[in-house]
Structure formats: C-alpha cells, structure tokens
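Now for the letters of each chain:
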Amino acid sequence: MLTSSFSGDIINVALRQMGASSIKEIRNGILYIAKFELSDDLCVTYVFNVTKRDKYFLQRVAPYPISHGDFDGAQEVVDFIRKDIQKFRNAHNSHNFPKFLDTTDAMVRLSHAVELLFLERNVSEEDLDGLSQSLEAAINAIKEIREHSPKIEN
C-alpha cells in the first residue's frame with residue numbers, strides 16, 4: 001500500500017503544479033479525483049486509481065465521461081492529463097465549443113439508451129442490424145469530418 005500511496009502523492013503534487021483546483025484522495029490513496037477549473041463554465045475532472053501493482057486506471061468524468069484506460073506509471077498519467085488539459089484550453093476558445101459539449105452529451109445519452117435497450121428489451125435481429133448500420137454511418141461521418149478539418153497544433 002505504501003507504493004500506491006506514494007505514487008498517488010507524486011501525481012497529486014504534479015497536478016497541483018499544473019493548476020488543479022482540487023484533488024480528493026479516497027480510500028487511503030487508492031482513488032483520486034482531480035478537478036481543473038479552466039473557466040467559470042468549464043471544469044475538467046479526472047478520476048484515477050492506483051492498483052496494487054502500481055498501475056493506474058484513468059477516466060475523465062467531466063465535462064463528459066470517457067475512459068482513458070490503463071497507464072504504467074505516475075508520469076504517464078501526469079503527461080496525459082497535461083496534454084488533455086491543454087487540448088481543452090484550446091477547444092474552449094472555439095466558438096463551436098458549446099456545440100461540441102452538446103454533441104458529447106448526446107453521445108453519452110446514446111450510450112445509456114443503447115445499454116437500456118439491450119438490458120431491458122429482447123431486440124430483434126433486424127432492429128439490431130438497422131441500429132448497427134446507423135451507428136456505422138455516424139462513425140464514418142465523423143471520420144470524414146476529421147479528414148477535412150484542419151488539425152489544431154498544440
């Protein structure tokens with residue numbers, strides 16, 4: 001447990017230096033919640049836990065939830081969050097940022113709706129095929145937009 005707590009403390013210090021507005025340690029250094037108040041209307045929040053083998057699992061929970069997976073070391077977590085925060089600072093300056101947040105909210109609602117559909121209903125194969133085709137079309141549209149949209153340089 002000493003190693004996990006020590007590793008969490010390293011991340012804690014680095015995130016504070018990066019401007020984290022709050023960091024909560026839960027369950028004796030196993031779970032951390034770090035918040036970055038980037039503006040009055042934008043808070044980026046991460047949850048990460050330190051495993052027994054000193055591995056890390058990181059999720060961004062706000063402004064929208066997304067898992068970023070496993071990391072091998074404390075520095076990897078810090079580097080990822082540093083880059084992610086910079087991307088949010090850049091994106092927040094876009095006049096399209098509110099629409100982006102609306103879009104991510106719709107994706108989260110879609111994910112919940114699909115989960116409820118499959119957990120609570122016996123869905124026909126035809127309906128599954130139609131839904132799958134619609135989702136594939138949306139993914140292809142995103143890929144096309146990505147291809148013709150200029151990359152943001154950090």
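A.B. asks: Explain helix 2 (residues 74-92) to me, and be specific about the residues and the numbers.
C.D. replies: The terminal C-alpha atoms of helix 2 lie 27 Å apart, and with 19 residues this matches the ideal 27 Å at 1.5 Å per residue to within 8%. Every buried residue belonging to helix 2 is among Ala74, Val77, Val78, Ile81, Asp84, Ile85 and Phe88, and all of these are buried. Taken end-on, helix 2 shows its buried residues confined to a sector of 135 degrees, consistent with a single buried face.

A.B. asks: Describe the pattern of salt bridges, with residues and values.
C.D. replies: Any two side chains of opposite charge can pair, on the condition that their charged atoms come close. Within this structure, the stated rule accounts for 4 salt bridges. Residue Arg109 is joined to Asp105 by a salt bridge in which the shortest nitrogen-to-oxygen separation is 3.1 Å. Placement of the pair is Arg109 and Asp105 together in helix 3 (residues 97-120), with a separation of 4 residues, close to one helical turn.

A.B. asks: Give a description of the nonpolar core that names residues and reports values.
C.D. replies: Ile11, Leu15, Phe36, Tyr46, Tyr56 and Ile81 are the most contacted members of the largest nonpolar core, which has 25 residues in total. Among the secondary structure elements, those contributing two or more residues to this core are helix 1 (2-17), strand 2 (31-39), strand 3 (42-50), strand 4 (56-62) and helix 2. The biggest single contributor to this core is helix 2, with 6 residues.

A.B. asks: Run through a negative patch on the surface, naming residues and quoting values.
C.D. replies: Together, Glu125, Glu126, Asp127 and Asp129 line one region of the surface with negative charge. Judged by its relative accessible area of 57%, Glu125 is exposed.

A.B. asks: Outline the side chain of Arg60, supporting the account with residue identities and numerical values.
C.D. replies: Counting through the fold element by element, Arg60 comes out in strand 4. At a separation of 3.2 Å, a polar atom in the side chain of Arg60 contacts the side chain of Tyr64.

A.B. asks: Could you give me a rundown of the pairing of strand 3, with the residues and numbers involved?
C.D. replies: Across the 9 residues that make up strand 3, a large majority, 7, are buried. Bridge analysis of strand 2 against strand 3 gives 8 bridges, and the strand direction is antiparallel. When the bridges of strand 3 are listed, Glu37 appears paired with Cys43. Between the end of strand 2 and the start of strand 3, which pair antiparallel, lie 2 residues. Hairpin remark: strand 3 followed by strand 4, antiparallel, with 5 residues in the connecting loop; positive phi at Asp54, about 60 degrees.

Rules behind the numbers
- Residues numbered from 1 in each chain as written.
- Predicted model: local features only at pLDDT ≥ 70, side-chain atom pairs only at ≥ 80, totals over all residues.
- Heavy atoms only, no water.
- Helix = DSSP H or I, 4+ residues; strand = E, 2+ residues; numbered from the N terminus.
- Expected span 1.5 Å × (residues − 1).
- Buried < 20%, exposed > 50% of the residue type's maximum accessible area, 1.4 Å probe, protein only.
- Arc of directions from axis to C-beta.
- Salt bridge = Lys/Arg side-chain N within 4 Å of Asp/Glu carboxyl O.
- Core = buried A, V, L, I, M, F, W, Y, C linked by side-chain atoms within 4.5 Å.
- Patch = residues over 30% accessible without salt bridge, like charges linked within 9 Å, V, L, I, M, F, W, Y side chains within 5 Å.
- Areas by Shrake-Rupley, 256 points an atom, 1.4 Å probe, with all protein chains shown as cover.
- Lys, Arg positive; Asp, Glu negative; His and termini not counted.
- Charge placed at Lys NZ, Arg CZ, Asp CG, Glu CD.
- Polar contact = N/O pair within 3.5 Å; in protein donor to acceptor, adjacent residues only side chain to side chain.
- Pairing = 2+ DSSP bridges.

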